[in-house]
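So you can see what is in the structure, the chains are spelled out below.
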Amino acid sequence: MVLPAQRALVPLDSVLGLLDLLLDETADEQSAVAPLAESLDGVELAGVLRRTRRVRAALARWRRRDQELSALLSSARELAELRDLDALLDRLVARAHGLVGTDVTYLSEFDQETDELRVRSTLGTFAPEFRRLRVPPGKGPGRQGRVHAQPAVDDELRPLSRRPA
């Protein structure tokens, strides 16, 4: 066992490498903490790695939150500036598309007279027919939101386990 007075100091390059790791989302954790192995025992090294992961996770959350807040402020500015409703909806769908990262994003409008959902704005689809899509009552992924007036998860929309043929 190494006594604290006998333990070598952690080299500055190792500490700087660890700080660089915290800023680089793609860096390999094991490579970054490897130089510390000469100065720390296994338990200490595991603690450094655990804390490094927590800090990286917090930074990722802050980055994401920053993106969301920027999008929200930008959307609010656009709401105040744009007078064309279709252009505004297209911008909001584009913003949601960028935040959520889906292949296809759309916004539908509820028609109270027909109880249908009508697609108003889309992004990511190449079929012009999608823009004119009408979803009859009780059908489609939005049916729960229509009935209960709140967000819902649709079990029919599960991720594909294989690529479509």
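Residues numbered from 1 in each chain as written. Predicted model: local features only at pLDDT ≥ 70, side-chain atom pairs only at ≥ 80, totals over all residues. Heavy atoms only, no water.

## A few points about the confidence of the model for the protein chain
Part 1 of the reasoning: Of the residues in the protein chain, 80% reach a pLDDT of 70 or more, and the chain-wide mean stands at 78.
Part 2 of the reasoning: For the protein chain, per-element mean pLDDT is lowest for helix 5 (residues 143–148), which scores 65, and highest for strand 2 (residues 116–123), which scores 88. (pLDDT = per-residue confidence, 0-100. Helix = DSSP H or I, 4+ residues; strand = E, 2+ residues; numbered from the N terminus.)

## Digging into unusual backbone geometry
Part 1 of the reasoning: The backbone of Asp115 shows a phi angle near 60°, a positive value even though the residue is not glycine.
Part 2 of the reasoning: Its place among the elements puts Asp115 in the loop between strand 1 (105–111) and strand 2.

## Topic: the packing of helix 3 (residues 42–81) against helix 4 (residues 85–100)
Part 1 of the reasoning: At a minimum axis distance of 11 Å, the contact between helix 3 and helix 4 shows a crossing angle of 180°. In terms of their interaxial angle, helix 3 and helix 4 are classed as roughly antiparallel. Between helix 3 and helix 4, the residues in contact are Arg64, Gln67, Glu68, Ala71, Ser74, Ser75, Glu78 and Leu79 and Leu88, Arg91, Leu92, Arg95, Leu99 and Val100, respectively.
Part 2 of the reasoning: The class makeup of the residues in the contact of helix 3 with helix 4 is six nonpolar, three polar and five charged. (Axes fitted to C-alpha atoms, helices over the stretch in contact; angles between N-to-C directions. Parallel < 35°, antiparallel > 145°, perpendicular 65-115°, else oblique. Contact = heavy atoms within 4.5 Å. Nonpolar A, V, L, I, M, F, W, Y, C, P; charged D, E, K, R; others polar.)

## Regarding the nonpolar core
Nonpolar side chains tend to gather and get buried jointly when the protein is soluble and globular.
Part 1 of the reasoning: Ranked by size, the top nonpolar core spans eight residues in total: Leu18, Leu21, Ala32, Val33, Leu36, Leu40, Leu45 and Leu49.
Part 2 of the reasoning: Elements supplying a minimum of two residues to this core: helix 1 (12–23), helix 2 (29–33) and helix 3.
Part 3 of the reasoning: Not counting the four nearest positions on each side in its chain, Leu21 is found in contact with Ala27, Asp28, Glu29, Ala32, Thr52 and Arg56. (Core = buried A, V, L, I, M, F, W, Y, C linked by side-chain atoms within 4.5 Å. Buried < 20%, exposed > 50% of the residue type's maximum accessible area, 1.4 Å probe, protein only.)

## Looking at a nonpolar patch on the surface
Part 1 of the reasoning: A cluster of nonpolar side chains, namely Val10, Leu12, Val15, Leu16 and Leu19, defines an oily patch on the protein surface of about 400 Å² accessible area.
Part 2 of the reasoning: By the secondary structure assignment, Leu12 is in helix 1.
Part 3 of the reasoning: For Leu12, a relative accessible area of 58% translates into the label exposed. (Patch = residues over 30% accessible without salt bridge, like charges linked within 9 Å, V, L, I, M, F, W, Y side chains within 5 Å. Areas by Shrake-Rupley, 256 points an atom, 1.4 Å probe, with all protein chains shown as cover. Salt bridge = Lys/Arg side-chain N within 4 Å of Asp/Glu carboxyl O.)

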